[in-house]
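# Fold and contact review
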Amino acid sequence: MSYVDEVLASVKEKNASEPEFLQAVTEVLESLRSVVDKNEAKYREYGILERLVEPERVISFRVPWVDDKGQVRVNRGYRIEFNSAIGPYKGGLRFHPSVNQGILKFLGFEQIFKNSLTSLPIGGGKGGADFDPKGKSDREVMAFCQSFMNELYRHIGADTDVPAGDIGVGGREIGYLFGQYKRLTGLYEGVLTGKGLTYGGSLVRTQATGYGLIYILDEMLKHKGESIEGKRVVISGSGNVAIYACEKAQELGAKVITMSDSNGYIVDEAGIDLSLVKEIKEVRRGRIKEYAEKVPTAQYHEGCSGVWGVACDIALPCATQNEIDLNSAELLVKNGCTAVAEGANMPSTLEASKYFLDNKINYMPAKAANAGGVAVSALEMSQNSERLSWSFEEVDKRLKDIMANIYKMTSEAAKKYGHEGDFVTGANIAGFEKVAEAMMAQGVC
Ligand code: NDP
Ligand code: 2IT
């Protein structure tokens, strides 16, 4: 049996109850075959794959807090410290009722390779809780965040593990978490990224994932002699990533016609009015349905998956994992979609992803496409360490250069191993090689 097959079989046996983690590991290991086969003896000797699929540390804890009625509530919190070969653990916190250990392990595993692709010194981690911030008062969210930090603070630090935002964790939550960390430790340090601009945050971090997604999409299209200008774009989600992907796409002349949330989606053939979306989602924390109540050219449809049936040139999934299944992928391609760039983490199922590759879609997978967020987080860490802050233009330029470099590394790795144009394989190989090298250099740890 090949080394990849051996490790895959063992991962499947040991993690049978974690389907998302198995999906992520399967995708990565399958696409590493060419590089692993070439270096099999060395990687086997060092146990590289066995170590790569096992988190260095899984922390799980009780999070008790009191709601506005005086009732004690309990959630389950986690931090998965997956791999520290190339830097301190780095990755977001997700607050969503669906959160469980398997989902956070998939996210932490993906983060190892994504962070490596940024070329910045950050290892892979992820965390969160099955807490739902939706419908909670600011005081309830604060109470939860403080309790969450009462346990988390002992595991993190500016040089050990640096969390940030993800689904359900934005500027408000990072503020409460930072305040509690500072109170517990007395340290004013870059322990979290995505902080507010008045207390150590970096310019462009809010926009970084969405902008980065469009920068790499633009790069991919340019290499095909195409451009984003004038293209019809379908976006799912209406959170942080979706909003700033829409903003940059519009700036480059694209026509964005959809956005969604977990209840449904809107189609606006006149082009999305982003200031209204921001007002609904960022200011009022409302639902996307309200957009159609205010805009005569827009329609609202219940359910999330229908958005992939809207004819477009470019699809940008920016909501959550497995939101595009084979059916949706077929529909997209049938209706003329020729490019997909993933803002969300693992938004395409294995079958959907294979369908995009088989049909020669310009397909940029999540770990390359959405790496702009964590890249600017690493730039926030740099600014915190030197106690300086850089201008918007400076950070934006670095982000653009990083995304262009990720495109270059990804396409070159794909080509080198005989998979030209397959950016899934390219991103996995380019991300993996550096981590494997660092692990071998550091001995058995
Ligand atoms: P937000 O919480 O800001 O927004 C999430 C959006 O996705 C909301 O519109 C939400 O709708 C929708 N959504 C969430 N879960 C589901 C679900 N189960 N089904 C349908 N829709 C859903 O999160 P982000 O924008 O930060 O994150 C979006 C994606 O991007 C995630 O996959 C995240 O991991 C990834 N990502 C985020 C980065 C960042 O910097 N923030 C960096 C890299 C990747 P609703 O309001 O109804 O819940
Ligand atoms: O998935 C991701 O890359 C994020 N949620 C951002 C992580 C970070 O540390 O900024």
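Residues numbered from 1 in each chain as written. Chains lettered and ligands numbered in written order. Predicted model: local features only at pLDDT ≥ 70, side-chain atom pairs only at ≥ 80, totals over all residues. Heavy atoms only, no water.

### A few points about the site of ligand 1
How we decide: The rule for a residue being near a molecule or strand is that one of its heavy atoms must lie within 4 Å of it. Counted as a polar contact is a pair of N or O atoms within 3.5 Å, where, for protein atoms, one must be capable of donating a hydrogen and the other of accepting one, and residues adjacent in sequence contribute only when both atoms are in side chains. Areas reported as accessible are Shrake-Rupley estimates using a 1.4 Å probe. Residue values count occlusion only from the protein chains shown. In DSSP terms, a helix is any run of H or I states spanning at least four residues, a strand is any run of E spanning at least two, and both are numbered starting from the N terminus.
Taken together, 26 residues surround ligand 1, and among them Asp166, Thr209, Ser262, Arg287 and Asn345 come closest. In this structure, an oxygen atom belonging to ligand 1 sits 3.0 Å away from a main-chain N or O atom of valine 241. Contact with the protein chains covers 85% of the free accessible surface of ligand 1, which is 890 Å². Elements supplying a minimum of two residues to the shell around ligand 1: helix H9 (205–222) and helix H10 (240–251).

### Regarding the site of ligand 2
How we decide: Gly is placed with the polar residues, together with every amino acid not listed as nonpolar (Ala, Val, Leu, Ile, Met, Phe, Trp, Tyr, Cys and Pro) or charged (Asp, Glu, Lys and Arg).
Taken together, 14 residues form the shell around ligand 2, and within it Lys90, Gln111, Lys114, Lys126 and Ser377 come nearest. A distance of 2.9 Å is found between a nitrogen atom of ligand 2 and a side-chain nitrogen or oxygen belonging to aspartate 166. Between ligand 2 and asparagine 345 there is a distance of 3.0 Å, counted from an oxygen atom to a side-chain nitrogen or oxygen. For ligand 2, the accessible surface in isolation is 290 Å², of which the surrounding protein chains cover 94%. Counting residues per element, the ones that place at least two in the shell around ligand 2 are strand E3 (89–95), helix H6 (101–117) and helix H16 (372–386). Its residues placed into classes, the shell around ligand 2 shows 2 nonpolar, 7 polar and 5 charged.

### Thoughts on the pairing of strand E7 (residues 255–260)
What counts is decided by this rule: A 1.4 Å probe rolled over the protein chains alone gives each residue an accessible area, and that area as a share of the maximum for its type sets the label: buried under 20%, exposed over 50%, partly exposed in between. A strand pair is defined by DSSP finding two or more bridges across the two strands. The handedness rule is simple: strands pointing away from the viewer, and a clockwise path from the first strand over the helix to the second, make the crossover right-handed.
With 5 of its 6 residues buried, E7 lies for the most part within the structure. Strand direction decides the pairing type here: strand E6 (residues 232–235) and E7, joined by 3 bridges, are parallel. For valine 234, the partnering residue across the bridge sits in E7 and is threonine 258. In this view, the connection linking E6 to its parallel neighbour E7 by way of H10 has right-handed handedness. Inspection of the sheet shows E7 paired to strand E8 (residues 264–268) by 3 bridges, in the antiparallel sense. Across the sheet, the residue bridging to methionine 259 is isoleucine 266, located in E8. With antiparallel pairing between neighbouring strands as the criterion, E7 and E8 make up a hairpin whose turn holds 3 residues.

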